[in-house]
Each structure stands twice: as structure tokens, then as C-alpha cells.
Amino acid sequence: MEELSLPPNIVAMMREQGRDPTKDPAAFAEMKKRKEEREQSLISKWNQQNRQQKVKSWLQDSIWSGSRPLNFTFERWEPDMQTNTQLAREVGNSAWKLAKRMIAGEQFNVLMVGEPGTGKTSLALAIADKVFKNAEKPYLFISTMKLFGMFNERFDNPEVGHKLKDLQKKAKQAPILIIDDFGTEAGMKIYNENTGKTHFKPVRKDMQEWLYEVADARYDEYENAHRGSTIVTTNNTSGDLVQMYNPKLISRLITKRKGNTIYFEGLDDMRG
Ligand SMILES: Nc1ncnc2c1ncn2[C@@H]1O[C@H](COP(=O)(O)OP(=O)(O)OP(=O)(O)O)[C@@H](O)[C@H]1O
Ligand SMILES: [Mg+2]
């Protein structure tokens with residue numbers, strides 16, 4: 001047995017114990033094995049901690065509409081709560097299928113559109129939860145209303161400005177990004193006396209730019225492919241959304257694919 005071929009740390013360890021590694025191959029092999037096992041267990045512990053840390057950090061960076069993080073799972077989706085049980089079941093199944101595709105590695109945008117209280121946010125969270133549990137892809141949740149609030153606050157509070165920068169960096173990179181209640185920040189429709197029509201006021205420019213940068217980073221123009229998956233929930237139609245936002249943002253954020261869109265029309269408001 002050549003001493004040269006032995007890892008120096010193992011040789012040193014054996015010498016400390018008064019043994020000669022060149023003459024005791026069995027002891028050497030055993031020590032090497034034990035050392036590797038120890039290292040392996042340290043690595044896996046580190047990985048586990050790192051993973052938990054990562055998830056924690058994504059959840060900590062999320063901004064929620066209420067004071068507490070929300071969560072939801074497919075097990076909690078109850079079609080029987082709805083008058084149209086069949087439709088509620090179909091909607092749940094569609095969301096489940098989208099989750100499966102993400103778990104299989106597909107990256108795409110999802111649109112969940114419908115009236116308040118019909119379960120859009122819940123199913124967005126159920127998808128994120130399932131993809132995280134099955135594929136270890138963490139998610140970042142952004143309440144659009146809260147984001148809007150941060151833009152209003154940022155000139156009075158420089159801390160909020162920094163937070164927005166950090167959040168944007170995270171939003172660009174998140175494997176799964178939920179943009180919740182997109183469009184509510186635009187407020188009510190306003191009446192235009194000249195045209196006699198109602199329309200939405202465009203959302204403040206700085207917020208539009210912030211979101212555009214996120215959407216652009218998550219979309220590879222050259223490859224015509226998405227980086228990560230983005231789930232948008234909204235009460236608005238695409239027609240409403242282009243009044244509020246630059247078409248370039250809408251084009252990158254709002255999918256036109258029917259297969260990636262879930263319509264909640266026909267479901268009841270489940271808020272008691
Ligand atoms: N099919 C369902 N099974 C169980 N709980 C449901 C179902 N549909 C809705 N809920 C519950 O009803 C409440 C409202 O749902 P959710 O917040 O997902 O609605 P939403 O469509 O996102 O509404 P909004 O447009 O106002 O944001 C939540 O507490 C949610 O968990
Ligand atoms: Mg919602």
C-alpha cells in the first residue's frame with residue numbers, strides 16, 4: 001500500500017494513534033470510511049439547514065395582504081362548498097395539473113381570474129405548496145396592494161425604498177412568484193366625460209417600472225422561454241389590465257394560453 005495515495009489527513013490521524021497506515025490497510029480503510037460517513041452526515045445536515053433557511057428567507061421576504069402569511073393546500077379545497085360543485089372540482093383539478101407540470105420542470109405563467117372570494121389566492125398557494133413539497137422550489141408571494149402601499153410610503157421612509165430594491169431582486173429570481181390581486185391597486189374605474197366611457201387610471205409609473213423589470217427578468221426574449229413560473233391572480237380582465245399597465249408589462253406577465261388560465265367565473269364568494 002502506497003502512503004502517497006492516502007489522504008494526508010487520514011495518514012496524520014493514524015500516526016497520531018501510533019499506527020502505520022502503510023502497514024495496516026484494514027484499519028486505514030475503516031478510518032477512511034468513518035471519516036467519509038461523518039463528512040456525509042455533516043453535509044446533509046448543512047444542506048437541510050440551508051434548505052430550511054432558504055425557504056424561511058423566501059417566506060420572510062414575501063409581502064402579504066394581512067398581517068400574517070397565508071397558506072393553503074389542495075387537501076383543503078372543498079368543491080362541496082360551492083353551488084356548482086362540478087365547476088369547483090374542475091377548477092381544483094386544473095390547478096393540480098398546473099402544479100404537476102411545474103414539478104416536472106416546466107416554467108410558465110399562470111393566470112387565475114375571477115370574482116372576489118372564489119378561491120384564486122387559495123389555489124395559487126396550493127400550487128406553490130405542492131411544487132415546493134415535491135420539487136423543493138420555494139415561492140415568493142407579493143400582494144399587489146401591499147406593494148402599492150410601499151410605493152406610497154417610500155419617499156417618507158427610506159427604509160421602504162431599500163426593501164423595494166431587495167424585494168425586486170428576490171422577485172426576479174424566485175422559482176415560483178405569486179403576484180396576488182393584480183389590478184386592485186389601480187382603484188375604481190373613472191368616467192370620461194369626453195368619451196362617455198369608464199376606464200381605469202394607469203398605475204403609478206414607478207410601480208409599473210418595478211414590475212416591468214421583474215417580468216422582463218423572468219422572461220427570456222431570445223429563447224422565448226420563462227425563467228421560473230409566475231402566478232397572477234386578478235379580478236380584472238386582460239382588457240382592464242392594459243388600461244392600468246403598459247402593454248409590454250402585460251404581455252410578459254399575463255399569459256394568453258387558455259391551458260395556463262383558470263377561470264373562476266360561476267363560483268360563489270366563499271367569504272362568510
Ligand atoms: N373551494 C374552497 N374550499 C375551501 N375553502 C375555500 C374554497 N374557496 C374559497 N375558500 C376560502 O374562502 C376564502 C376566500 O378565498 P380566496 O382568498 O382564495 O379568494 P380570492 O378569489 O383570492 O378572492 P379575492 O379576489 O378577493 O382575492 C378563503 O378563506 C379560502 O380559503
Ligand atoms: Mg385573492
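For clarity, every value in this text was computed on a predicted model and none was experimentally measured. (Residues numbered from 1 in each chain as written. Chains lettered and ligands numbered in written order. Predicted model: local features only at pLDDT ≥ 70, side-chain atom pairs only at ≥ 80, totals over all residues. Heavy atoms only, no water.)

Chemist: What should I look at first to understand unusual backbone geometry in this one?
Modeler: Both trends apply: most residues other than glycine have a negative phi, and most peptide bonds are in trans. Backbone geometry at Asp-181 places phi at a positive 60°, although glycine is not the residue there. Structurally, the position occupied by Asp-181 is in the loop between strand E3 (176-180) and strand E4 (190-192). (Helix = DSSP H or I, 4+ residues; strand = E, 2+ residues; numbered from the N terminus.)

Chemist: Would you take a moment to explain helix H4 (residues 120-135) for this structure?
Modeler: Count 3.6 residues to each turn of an α-helix, and residues three or four apart come out pointing the same way. Look at H4: 22 Å from first C-alpha to last across 16 residues, which is about the 22 Å you get at 1.5 Å a residue. Residues of H4 that are buried: Lys-120, Leu-123, Ala-124, Leu-125, Ala-126, Ile-127, Ala-128, Asp-129, Lys-130 and Val-131. The inward-facing, buried residues of H4 contact helix H3 (85-103), strand E1 (109-113), strand E2 (139-143), E3 and strand E8 (229-234). One or two steps after H4, the chain reaches Glu-136, where phi turns positive at roughly 55°. (Expected span 1.5 Å × (residues − 1). Buried < 20%, exposed > 50% of the residue type's maximum accessible area, 1.4 Å probe, protein only. Contact = heavy atoms within 4.5 Å.)

Chemist: Help me out: how do you make sense of the packing of helix H6 (residues 158-173) against helix H7 (residues 205-217) in this one?
Modeler: For any two helices packed against each other, the geometry is given by the interaxial angle and the distance between the axes. Interaxial distance between H6 and H7 falls to 8 Å at its minimum, and their mutual angle equals 25°. Taken as axis vectors, H6 and H7 run roughly parallel relative to one another. The interaxial crossing formed by H6 with H7 has right-handed handedness. Here Leu-164, Leu-167, Gln-168, Ala-171 and Lys-172 of H6 lie close against H7, whose contacting residues are Trp-210, Glu-213, Val-214 and Ala-217. Considered class by class, the residues forming the contact of H6 with H7 number six nonpolar, one polar and two charged. (Axes fitted to C-alpha atoms, helices over the stretch in contact; angles between N-to-C directions. Parallel < 35°, antiparallel > 145°, perpendicular 65-115°, else oblique. Left-handed = near helix turned anticlockwise from the far one by under 90°. Nonpolar A, V, L, I, M, F, W, Y, C, P; charged D, E, K, R; others polar.)

Chemist: Explanation requested: the packing of aromatic side chains in the structure shown.
Modeler: Each aromatic ring pair is characterised by the separation of its centres together with the angle its planes make. Throughout the structure, instances matching the rule amount to four aromatic pairs. Ring centres of Phe-74 and Trp-96 lie 5.3 Å apart, and the angle between their planes is 75°; on these two criteria the pair is classed as edge-to-face. Highlighted residues: Phe-74 in the loop between helix H2 (25-61) and H3 and Trp-96 in helix H3, separated in sequence by 22 residues. The class of Phe-74 is buried, set by a relative accessible area of 13%. Here the aromatic rings of Phe-182 and Tyr-245 are separated by 4.6 Å at their centres, their planes lie at 20°, and the arrangement is stacked. One end of the pair, Phe-182, is in the loop between E3 and E4; the other, Tyr-245, is in the loop between helix H8 (238-244) and helix H9 (247-253), with 63 residues separating them in the sequence. One Lys or Arg, Arg-101, reaches over the ring of Phe-108 and ends 4.1 Å from the middle of that ring. (Phe/Tyr/Trp six-rings, centres within 6.5 Å; stacked < 30°, edge-to-face > 60°. Lys NZ or Arg CZ within 6 Å of the ring centre and 35° of its normal.)

Chemist: Got a minute to help me understand H7 in this structure?
Modeler: Here H7 spans 18 Å end to end across 13 residues, near enough to the 18 Å set by a 1.5 Å rise per residue. Buried within H7 we find Asp-206, Met-207, Gln-208, Trp-210, Leu-211, Val-214 and Ala-215.

Chemist: Explanation requested: the site of ligand 1 in the structure shown.
Modeler: In the vicinity of ligand 1 lie 17 residues, with Glu-78, Gly-117, Lys-120, Thr-121 and Ser-122 positioned nearest. A distance of 2.8 Å separates an oxygen atom of ligand 1 from a polar atom in the backbone of Gly-117. Contacts to ligand 1 include Arg-271, whose side-chain N or O atom sits 2.9 Å from an oxygen atom. Taken together, the residues of the shell around ligand 1 break down into five nonpolar, six polar and six charged. (Near = heavy atom within 4 Å. Polar contact = N/O pair within 3.5 Å; in protein donor to acceptor, adjacent residues only side chain to side chain.)

Chemist: Explain the pattern of salt bridges to me, please; I cannot follow it from the model alone.
Modeler: Side chains bearing opposite charge may pair, as long as their charged atoms lie close to each other. Applying the stated rule across the entire model yields 17 salt bridges. Here Lys-33 and Glu-37 are joined by a salt bridge, their closest N and O atoms 3.8 Å apart. Within this pair, Lys-33 and its partner Glu-37 are both found in helix H2, separated by four residues, close to a single helical turn. Of the charged contacts, one joins Glu-213 and Lys-172 as a salt bridge, the two residues approaching to 3.6 Å between their closest N and O atoms. With Glu-213 in helix H7 and Lys-172 in helix H6, the pair connects residues that are 41 residues apart, well separated along the chain. Judged by its relative accessible area of 30%, Lys-172 is partly exposed. What emerges from the salt-bridge pattern is a single network uniting Arg-15, Asp-20 and Lys-23. (Salt bridge = Lys/Arg side-chain N within 4 Å of Asp/Glu carboxyl O.)

Chemist: Looking at this structure, how should I read the environment of Asp-216?
Modeler: With respect to the secondary-structure elements, Asp-216 resides in helix H7. Taking the relative accessible area as the measure of exposure, Asp-216 reaches 30% and is therefore partly exposed. Here the alpha-carbon distance between Asp-216 and Leu-253, two residues 37 residues apart in the chain, equals 8.6 Å.

Chemist: What am I meant to see in the environment of Arg-76 here?
Modeler: Summarising the element assignment, Arg-76 is placed in the loop between H2 and H3. A relative accessible area of 42% means that Arg-76 is categorised as partly exposed. Between the alpha carbons of Arg-76 and Val-214 there is a distance of 31 Å; along the sequence they are 138 residues apart.

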